[in-house]
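# Geometric and topological summary
Listed below, chain by chain, are the residues.
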Amino acid sequence: MKPMRVLLTHNRDLLKHFYGYRAVDALKALPIELVMNDSHEPLSGDTLVKAAEGCEVVISDRLAAGPREVMQRLKDVKLFTRCAVDMRNIDVDAASAAGILVCNCSSGYADAVAEHTLALMLDLARNITRDAERYHAGDASHPMVFGRQMAGAHVGVIGYGSIGRRIVELALAFKMKVTVYDPYARFDNGAVVPVGLDEVLSQPDFVVCAAYATPETERMMNADAFAKMRRDAFFINISRGILVDEDALEAALTSGTIAGAGLDVGDGRDQQPSLRLARLPNVVATPHSAALMIEPSEFQAMETVEQVKAMLEGRLPIHAKNPHRLSNWRSR
Ligand SMILES: NC(=O)C1=CN([C@@H]2O[C@H](COP(=O)(O)OP(=O)(O)OC[C@H]3O[C@@H](n4cnc5c(N)ncnc54)[C@H](O)[C@@H]3O)[C@@H](O)[C@H]2O)C=CC1
Ligand SMILES: O=C(O)C(=O)COP(=O)(O)O
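The shown structure was predicted, so the numbers you read here are calculated from the model rather than taken from an experiment. (Residues numbered from 1 in each chain as written. Chains lettered and ligands numbered in written order. Predicted model: local features only at pLDDT ≥ 70, side-chain atom pairs only at ≥ 80, totals over all residues. Heavy atoms only, no water.)

### Some remarks on the site of ligand 1
- The local shell around ligand 1 holds 29 residues, among which Ser 162, Ile 163, Asp 182, Ile 238 and Asp 264 are the closest.
- In the model, an oxygen atom of ligand 1 is placed 2.9 Å from a nitrogen or oxygen of the Ile 163 main chain.
- One of the side-chain N or O atoms of Asp 264 is found 2.9 Å from a nitrogen atom in ligand 1.
- In the complex, the protein chains occlude 94% of the 870 Å² of accessible area that ligand 1 would expose alone.
- When grouped by side-chain class, the residues that make up the shell around ligand 1 number 15 nonpolar, 8 polar and 6 charged. (Near = heavy atom within 4 Å. Polar contact = N/O pair within 3.5 Å; in protein donor to acceptor, adjacent residues only side chain to side chain. Areas by Shrake-Rupley, 256 points an atom, 1.4 Å probe, with all protein chains shown as cover. Nonpolar A, V, L, I, M, F, W, Y, C, P; charged D, E, K, R; others polar.)

What follows is the structure in structure tokens.
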């Protein structure tokens, strides 16, 4: 019997950074024929359809697109597994109608994104980026504006899911006071004070958005919300751009309604913060890079290997691992 053909769409760069050679070795150890994208180009549209000819499985990178017209033409594919959480650009309904099972990966991002959140908070409070830029430009004078320390400061976290919980743990280790707003969460950590939305906005030194995108959270950080924050408070968003009204945030940042913002997400093309915000002097912005770390990428890559094994061993169907994300998929 011919071995099962498995297409790995990751191009050379993605393979190196986001798939990992450990997972490739694990795939090569399976009784399959592995088809790899040996170029520096992404596979999408016609090139994806052509490369997938004769393949029963497609392991797709986070950038590969599987719209309706592609799904309908993947004639031999039975399993389309996304080596990522996000399913934007993947038409799951069209895939199902074509008899293709679609899987994504569980997150594994909590540590990476929570660490990034603390990095943004530390950077803002200590003026690290600004002082480093100033020093780099040759100005070695002591700063005229002193920074603020984490210990004793108050952080309010909106959303007590996997990332929110980890942010809370890190904040507590920094000896911060922590309050959390999440109407749907169970509060099982006595050190965390659940509060209402007004309170989580109005009292802390840092307000962090870590809730997922739903119709209820859409643009919840609007002009009213920023007006409730302290004038010396920092706003951090690592969740989704859609939770924030960027015009209102820009107005709050330029009018002194809040002190500054740390942003990893926004309304940009790939959910980055908009450049007009990133360029403000009281903003530290990263291009949606909080989760792009070696460890979670490896973890997800190994998950896709497990999915291929399940396919080989007839243990399908495998269900999408992250049902919460269904609500996110619709709003992305
Ligand atoms: N910046 C990045 O690179 C990454 C961002 N994310 C985003 O971070 C967010 C959180 O991710 P996870 O913690 O993994 O999700 P999760 O599903 O574990 O937690 C989300 C939490 O939001 C809460 N929530 C829902 N509606 C709410 C509301 N109206 N007010 C307050 N809280 C509400 C839920 O009860 C839940 O506890 C998601 O939007 C996700 O897309 C996830 C991974 C990477
Ligand atoms: O959910 C996010 O914001 C991420 O950056 C990670 O998502 P992905 O695994 O690339 O779909």
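Past the structure itself, the notes keep going.
### Considering the packing of aromatic side chains
- Here the structure, examined in full by the defined rule, presents 3 aromatic pairs.
- When the ring of Tyr 160 is compared with that of Phe 187, the centres are 5.0 Å apart and the planes differ by 5°; the resulting orientation is stacked. Here Phe 187 lies in the loop between β7 (177-181) and β8 (193-194) and Tyr 160 lies in the loop between β6 (154-158) and α8 (162-173), a separation of 27 residues in the sequence.
- On the basis of relative accessibility, which here comes to 4%, the residue Tyr 160 falls in the buried class.
- Looking at Arg 62, its charged tip hangs above the ring of Phe 18, at a distance of 5.1 Å from the centre.
- Residue placement shows Arg 165 over the ring face of Tyr 160; its charged tip is 4.2 Å from the ring centre. (Phe/Tyr/Trp six-rings, centres within 6.5 Å; stacked < 30°, edge-to-face > 60°. Helix = DSSP H or I, 4+ residues; strand = E, 2+ residues; numbered from the N terminus. Buried < 20%, exposed > 50% of the residue type's maximum accessible area, 1.4 Å probe, protein only. Lys NZ or Arg CZ within 6 Å of the ring centre and 35° of its normal.)

### A short note on the pattern of salt bridges
- What the rule picks out here adds up to 23 salt bridges.
- The partner of Glu 56 in a salt bridge is Lys 78, and the shortest N-O contact between them spans 3.6 Å. On the criterion of sequence distance, the pair formed by Glu 56 in the loop between α3 (46-51) and β3 (57-60) and Lys 78 in the loop between α4 (68-71) and β4 (79-82) is long-range, its members being 22 residues apart.
- On the basis of relative accessibility, which here comes to 26%, the residue Glu 56 falls in the partly exposed class.
- Judged by relative accessible area, which is 44%, Lys 78 ranks as partly exposed.
- With a shortest N-O distance of 3.3 Å, Glu 306 and Lys 309 are connected by a salt bridge. Taken together, the positions of Glu 306 and Lys 309, both in helix α13 (residues 294-312) and 3 residues apart, correspond to about one turn of that helix.
- Its relative accessible area of 41% is what places Glu 306 among the partly exposed residues. (Salt bridge = Lys/Arg side-chain N within 4 Å of Asp/Glu carboxyl O.)

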